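The primary structure of each chain is shown beneath.
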Amino acid sequence: MSNANGTTKKTTAGSRTVRFRIKRQEAHGKPSRWEEFDVPVQSSAEGSGSANVISCLQWIAANPVTVRGEQTTPVTYDSGCLEEVCGSCTMVINGKVRQSCSCLIDEYAPNDGDTITLEPMSKFPVNRDLFVDRSRLFNDLKRINAWVPIDGTYHLGAGPEESPEKQQTRYKLSECMSCGCCLEACPQYTLEDDEDKWEGSFVGAAVISQARYFNLHGTGKELEKKRLDVLSQKGGVSDCGNAQNCVRVCPKEIPLTESIGAMGRSVTVHKIKEFFSGS
Ligand code: SF4
Ligand code: SF4
Ligand code: FES
C-alpha cells in the first residue's frame, strides 16, 4: 500500500494494515510529539491471531518510517517476559493502562485501517518514548521492607505453619508484578520526579497490598512494625481516597481495596499500641 507521501509500505498477501499513533519523547521534561506508523499484520481470517502490540513495535523498530514517509528513530519500549508476568511493558493503549505484550491486535484493531494509540504511563518519568522509570515504586517496596527476613546461608529448619486459607489469600497477593497499572489509575498517586519528595508522597495500592502480603507470612511478620511505621506516616494508607480505580485496572485481579481496608485496620491498631506504649 502507499502512504500519504506515495511511499510504498511492505505488506504481505492476506495482511491488513493497522495504524499506530505513538506519543514520543526524548526524555522526561523534553517536548513530546506524535508519530504514526502503518504496520501490516496477518488478518484473523489467515489464522494468525498472534500479533500483539510488542510484535508491532518490533516491526516498527525494523521499519522506522512514519506514514508521512519520514525516516525516524525506532520507538523505545520496555519488555521482558512477553507473557504478562514481569509488568515491564505496561503502557496506555487506547486510553487504558495495560500490558502491551498481552494486547492482541485482533481484539483492538480487527479491521483494516483501525488505529491503536500508544502512550507512556503518566505517573512515572519517561526514560524515552513508551519506556518509563518505575524507580519510585521499587523504592517504596524497599521502604516497606517487602521481603521475608531469612538468612539463606545455613539450614533454618521448617518455617512456621500456615493455614490453607491464609495460603490462598497470600497466593493471590503474590501475583502482583509491580506493573504500575493501579498507580496510573489512582487519583491520589501523582507524578513525582523529585526523589527527595518520594517519602511523604502516596505509596499507592500495590505497595499497601505487598505490605499485607508480607505481614501475613509467618516469618515476614517479623518486619510488620517497620511496614506499619511507613504506612502510618504521610503518604501511607490514610492518603487513599477510596476511589477504587486501582482494583478495576489490576490485570491480576488482586483484591486491592480489601488489602487497603485490612492495612488501614492494622495501622489503626499499630497507632493505638504506640499511643499506650508511649513509643
Ligand atoms: S482506592 Fe485508594 S489506592 Fe485505589 S485508586 Fe482509589 S485512592 Fe488510589
Ligand atoms: S497490584 Fe495489580 S495493578 Fe498494581 S502493580 Fe500489582 S499487578 Fe499491577
Ligand atoms: S513483557 Fe512482561 S508483562 Fe509484558
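Residues numbered from 1 in each chain as written. Chains lettered and ligands numbered in written order. Predicted model: local features only at pLDDT ≥ 70, side-chain atom pairs only at ≥ 80, totals over all residues. Heavy atoms only, no water.

Engineer: If you had to explain the domain arrangement of the protein chain to someone new, which residues and values would you point to?
Structural biologist: What the domain assignment lists for the protein chain is domain 1 (15–131) and domain 2 (134–277). Taken together, the contact pairs 17 residues of domain 1 with 16 residues of domain 2. Looking at the side of domain 1 facing domain 2, the largest losses of area belong to V97, K123 and F124, adding up to 45% of the total buried there. Applying the counting rule to domain 1 against domain 2 returns one salt bridge. In this structure, the salt-bridge partner of K252 is E84, at a minimum N-O distance of 3.9 Å. Linking domain 1 with domain 2 are seven residue pairs in polar contact (both at pLDDT 80 or more), by the criterion used here. In terms of residue count, the dominant contributor to the side of domain 1 that touches domain 2 is strand 4 (residues 96–99) (three residues). Of the residues that constitute the side of domain 1 that touches domain 2, the class distribution is seven nonpolar, six polar and four charged. (Domains from an automatic or database assignment. Contact = heavy atoms within 4.5 Å. Buried area = accessible area lost by both parts, 1.4 Å probe. Salt bridge = Lys/Arg side-chain N within 4 Å of Asp/Glu carboxyl O. Polar contact = N/O pair within 3.5 Å; in protein donor to acceptor, adjacent residues only side chain to side chain. Helix = DSSP H or I, 4+ residues; strand = E, 2+ residues; numbered from the N terminus. Nonpolar A, V, L, I, M, F, W, Y, C, P; charged D, E, K, R; others polar.)

Engineer: Residue-level account of a nonpolar patch on the surface, with values.
Structural biologist: There is a patch of nonpolar side chains on the surface, built from I150, Y154 and L156 and spanning about 330 Å² of accessible area. With respect to the element layout, Y154 can be found in the loop between helix 3 (135–143) and helix 4 (164–173). (Patch = residues over 30% accessible without salt bridge, like charges linked within 9 Å, V, L, I, M, F, W, Y side chains within 5 Å. Areas by Shrake-Rupley, 256 points an atom, 1.4 Å probe, with all protein chains shown as cover.)

Engineer: Mind laying out the confidence of the model for the protein chain, listing which residues take part and the relevant values?
Structural biologist: For the protein chain, per-residue confidence averages 92 on the pLDDT scale, and residues scoring 70 or more make up 92% of the total. Contacts of residues 1–13 to residues separated by more than four positions or lying in other chains number 27 contacts, the stretch itself having pLDDT below 50. (pLDDT = per-residue confidence, 0-100.)

Engineer: So what's going on with the pattern of salt bridges? Residues and values would help.
Structural biologist: Per the stated rule, a full pass over the model turns up 18 salt bridges. E36 is the partner of R21 in a salt bridge, and the nearest nitrogen-oxygen pair spans 3.8 Å. Of this pair, R21 sits in strand 1 (residues 15–25) while E36 sits in strand 2 (residues 32–42), and the two are 15 residues apart along the sequence. Salt-bridge contacts for R24 lead to E35; the nearest nitrogen and oxygen are separated by 2.8 Å. You can see R24 sitting in strand 1 and its partner E35 sitting in strand 2, a full eleven residues away along the chain.

Engineer: Give a description of the sheet that holds strand 1 that names residues and reports values.
Structural biologist: Hydrogen bonding along the main chain pairs the strands of a sheet, whether they run parallel or antiparallel. Taken in spatial order, the five strands of this open sheet run 2-1-5-3-4, and their pairing is mixed. Both edges of this open sheet fall to strand 2 and strand 4, since each of them pairs with a single strand only. The average angle at which neighbouring strand axes cross in this sheet is 35°, direction not considered. Taken together, the four bridges between strand 1 and strand 5 (residues 115–119) define a ladder with parallel strand orientation. Across the sheet, the residue bridging to R19 is T115, located in strand 5. (Pairing = 2+ DSSP bridges. Axes fitted to C-alpha atoms, helices over the stretch in contact; angles between N-to-C directions.)

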